[in-house]
Amino acid sequence: VQLQASGGGLVQPGGSLRLSCVASGMFFSINGMGWYRQAPGKQRELVAEVRVGGRTNYGDSVKGRFTISRDNAKNTVYLQMNSLKPEDTAVYYCNADGVILPLGKSDYWGQGTLVTVSS
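Note that the structure is predicted; figures quoted are calculated from it, not measured. (Residues numbered from 1 in each chain as written. Predicted model: local features only at pLDDT ≥ 70, side-chain atom pairs only at ≥ 80, totals over all residues. Heavy atoms only, no water.)

S.K.: Can you lay out the sheet that holds strand S7 (residues 66-71) for me, pointing to particular residues and giving the numbers?
M.R.: Spatially, 4 strands are ordered S1-S3-S8-S7 in an open sheet, and the strand pairing comes out antiparallel. The sheet is open, and its two edges are formed by strand S1 (2-6) and S7, each paired on a single side. Pairs of neighbouring strands in the sheet enclose a mean axial angle of 15 degrees, with direction left out of account. Two elements, S1 and strand S3 (residues 17-24), share 5 bridges in a ladder whose sense is antiparallel. (Pairing = 2+ DSSP bridges. Helix = DSSP H or I, 4+ residues; strand = E, 2+ residues; numbered from the N terminus. Axes fitted to C-alpha atoms, helices over the stretch in contact; angles between N-to-C directions.)

S.K.: Which residues make up the side chain of Thr113, and what values do they have?
M.R.: When you line up the elements, Thr113 lands in strand S11 (residues 113-117). Under the relative-accessibility criterion, Thr113 is labelled buried at 11%. Excluding residues within four positions of it along the chain, Thr113 makes contact with Ala5, Gly7, Gly8, Leu19, Trp35, Ala90, Val91 and Tyr92. (Buried < 20%, exposed > 50% of the residue type's maximum accessible area, 1.4 Å probe, protein only. Contact = heavy atoms within 4.5 Å.)

S.K.: Describe in detail the environment of Cys21, supporting the description with residues and values.
M.R.: Within the secondary structure, Cys21 sits in strand S3. Accessibility expressed as a relative area gives 0% for Cys21, which makes it buried. Spatially, the C-alpha atom of Cys21 lies 6.5 Å from that of Tyr78, the residues being 57 residues apart in sequence. The contacts of Cys21, once residues within four sequence positions are left out, are Leu3, Gln4, Ala5, Met33, Trp35, Asn75, Thr76, Val77 and Cys94.

Geometric descriptors of this kind do not, in isolation, establish any biological role.
Okay, structure coming up:
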């Protein structure tokens, strides 16, 4: 199973970006899909996650600014980021957990995409 993330880049404070992550490979379903981020010198933290039934969970620092969604038919998760702040600068990682495989279940990480918020 591979996760391919895209959409990162440089944006000015107050701007918006949309991240996408597509899961591909041999699996039956994915329970949770989400985004984590890691800034230099800091631990990786949850940004947002969405379960297969649509329930969402957000990190406190992004509530009201970021929106996560997923298209189960396309095995894709999106992160709409609005009102971006310099402190949102980080490498954003896509995560898929509870991936049901032919012979079991596992979790996966994407390669990361850099988001830089700066004027």
